[in-house]
2 protein chains.
Amino acid sequence: MSLNSARTSRAGPCETKDTQARLLNAAEALFIDAGYAGMSARAIADRAAVNIAAMGYHFGSKQGLLQAVLIRRIAPINRSRRARLAAVPERGSESVKAILHAFLWPVFFNEHEAPARRLMGRVMTEPAEVVEPLLNLVFSDVIEQFVVAMAACFPKQDPALIAQKFSFVAGALNFTVLRPAERLFGSAPANEVSFERLLNFAVDGFQEGPSVTVVHEDIV
Amino acid sequence: MSLNSARTSRAGPCETKDTQARLLNAAEALFIDAGYAGMSARAIADRAAVNIAAMGYHFGSKQGLLQAVLIRRIAPINRSRRARLAAVPERGSESVKAILHAFLWPVFFNEHEAPARRLMGRVMTEPAEVVEPLLNLVFSDVIEQFVVAMAACFPKQDPALIAQKFSFVAGALNFTVLRPAERLFGSAPANEVSFERLLNFAVDGFQEGPSVTVVHEDIV
DNA sequence: CCCGAGTTTAAACGGTCGTTTAAACTTATC
DNA sequence: GATAAGTTTAAACGACCGTTTAAACTCGGG
């Protein structure tokens, strides 16, 4: 049998890696469009032109297949994020922008840009509780590193504020690549222009200190 | 039969409005937690302590029930948004903040705050294509009005930039009320503090002009 | 040449899905 | 009390769900 523990003995016959790749591609496309509930085992098998039992054989379960889909695309992005973060000059006046650049750039510009972007946006908003452990598996480490790095830029500010601002940036990033944002706001899909807009928006949002205290009127 | 066209003849017997309210409440709770695919007809009926056929009788279909759920909560929010937007002083230096305040406040503070917030965040990121027409039905008008109002504050800027910045704000707003944001970023759930943070973040993001041009290095 | 590990396959498993039907029930009006 | 509109109900509809089984197939190594 396979299930990762395979690939140890000699080659095996047919087109194993091809079957796995076809399953990954089909599952990815369906997940991006329709979420976890919408990527049905039969739809995946049909799109991949593969028998339905192949999913269980190669990935154990539907959740296992999704995990492989996520790791294939998002692990390289997070590696790139970490490498760029490590190259950010400490405490310089440009650090904030450089940190946000390191966080955003690998999502916009990488191998398979569009699938990776949409995949990320989709998984971060997925309601199915099966994906929660996958989210932590894939994202929690890198997020923590970025929050720590950014907090170092604002030693006087509440770290919880930094974390929440980062979640605003992540929200803007994720929402931007989802279909509702493009449809409802008529905004262009992700590209170089969108990247610069989002980066500048995030940098300005992180600038220190609230401008004016907020008014709490009670109009209906 | 019912289906909205009801309530025309005399009272009807039992507890019609009660049954409808129970269905609405149950569907709302399930949709918030699990999305459209996760709010199954049987789960709704069970939670509402109502026969499963009542959904079809009162709302026509599962999609019809979701539409009623959305309108019940989001229409009042959008009414409040419009009223507040109409009260914003034109072109004043505080207009930007006032417009964003009018956009965000009714989501955070209204009757049934938490359900309304989470409902909004969930529906804006829902993959199921059944909700797309509902999104346009509920949101497109109010969004256009806010983009137009904000564009008037920045007559020299590209309107597409304004629209995209608004989609960043909407993304930050929506993501903030979803569970992944709370879990991954350890940030507090929506409350007064979060509201002010988000408002200030949005205001700063809208400030005119990019700070520095972006660097396009190519680290791996 | 055949053995056996690795892979693919058809078929079926029990369950849940959204929706529909027709009969039973409730109640205001005559 | 009979009538009829409105509402609730049990039961079933066909379709699809994720997963599993056991047999067929592929092919390198003995």
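Structure first, text after, so check above.
Please read these numbers as outputs of a predicted model, since none were measured by experiment.

1. Topic: the packing of aromatic side chains
Two aromatic rings, taken as a pair, are described by how far apart their centres are and by the angle between their planes.
Then comes step 1: What the rule picks out here adds up to 27 aromatic pairs over all chains.
Then comes step 2: With a centroid separation of 6.4 Å and 85° between ring planes, the pair formed by F206 of chain A and F201 of chain B is classed as edge-to-face. With F206 of chain A in helix α10 (residues 192–206) and F201 of chain B in helix α10 (residues 192–206), the pair connects residues from two separate chains. Considered together, F206 of chain A and F201 of chain B belong to a single accessibility category, that of buried residues.
Then comes step 3: For K62 of chain B, the ring lying beneath its charged end belongs to Y36 of chain B, and the centroid distance is 4.2 Å.
Then comes step 4: Sitting above the plane of the F103 of chain B ring, R81 of chain B keeps its charged end 4.0 Å from the centroid.

2. Some details on the interface of chain A and chain B
Then comes step 1: At the junction of the two partners, chain A supplies 73 residues and chain B supplies 73 residues.
Then comes step 2: Of the roughly 6000 Å² buried between chain A and chain B on both sides combined, carbon and sulfur atoms contribute 61%.
Then comes step 3: One can count five salt bridges joining chain A with chain B.
Then comes step 4: For R183 of chain B, the salt bridge is made with E132 of chain A, and the minimal N-O distance between the two is 2.7 Å.
Then comes step 5: The interface formed by chain A and chain B holds 12 residue pairs in polar contact (both at pLDDT 80 or more) in total.
Then comes step 6: Elements with a contribution of two residues or more to the side of chain A that touches chain B: α1 (16–38), α4 (62–86), α5 (95–108), α6 (113–124), α7 (132–153), α8 (159–176), α9 (179–185) and α10 of chain A.
Then comes step 7: Considering each element in turn, the side of chain A that touches chain B owes the most residues, 15 residues, to α8 of chain A.
Then comes step 8: Each residue belonging to the side of chain A that touches chain B can be placed in one class, and the counts come to 37 nonpolar, 20 polar and 16 charged.

3. Side note on the relation of the copies chain A and chain B
Then comes step 1: Under the fitted operation, chain A is carried onto chain B by 0.0 Å of movement along the axis and a turn of 180°, and the coordinates agree to an RMSD of 0.0 Å. As the rotation angle and translation indicate, the two copies are arranged about a two-fold axis.
Then comes step 2: In this assembly the copies share their binding face: 100% of the residues contributing to the interface of chain A also contribute to that of chain B.

4. Brief notes about the environment of L24 of chain A
All names here are of chain A.
Then comes step 1: Checked against the element boundaries, L24 lands in helix α1.
Then comes step 2: Sequence separation between L24 and M55 is 31 residues; the distance between their C-alpha atoms is 9.5 Å.
Then comes step 3: For L24, the residues in contact, after removing those within four places along its chain, are F59, L65, A68, V69 and R72.

About the criteria used
- Residues numbered from 1 in each chain as written.
- Chains lettered and ligands numbered in written order.
- Predicted model: local features only at pLDDT ≥ 70, side-chain atom pairs only at ≥ 80, totals over all residues.
- Heavy atoms only, no water.
- Phe/Tyr/Trp six-rings, centres within 6.5 Å; stacked < 30°, edge-to-face > 60°.
- Helix = DSSP H or I, 4+ residues; strand = E, 2+ residues; numbered from the N terminus.
- Buried < 20%, exposed > 50% of the residue type's maximum accessible area, 1.4 Å probe, protein only.
- Lys NZ or Arg CZ within 6 Å of the ring centre and 35° of its normal.
- Contact = heavy atoms within 4.5 Å.
- Buried area = accessible area lost by both parts, 1.4 Å probe.
- Salt bridge = Lys/Arg side-chain N within 4 Å of Asp/Glu carboxyl O.
- Polar contact = N/O pair within 3.5 Å; in protein donor to acceptor, adjacent residues only side chain to side chain.
- Nonpolar A, V, L, I, M, F, W, Y, C, P; charged D, E, K, R; others polar.
- Least-squares fit on C-alpha atoms with pLDDT ≥ 70 in both.

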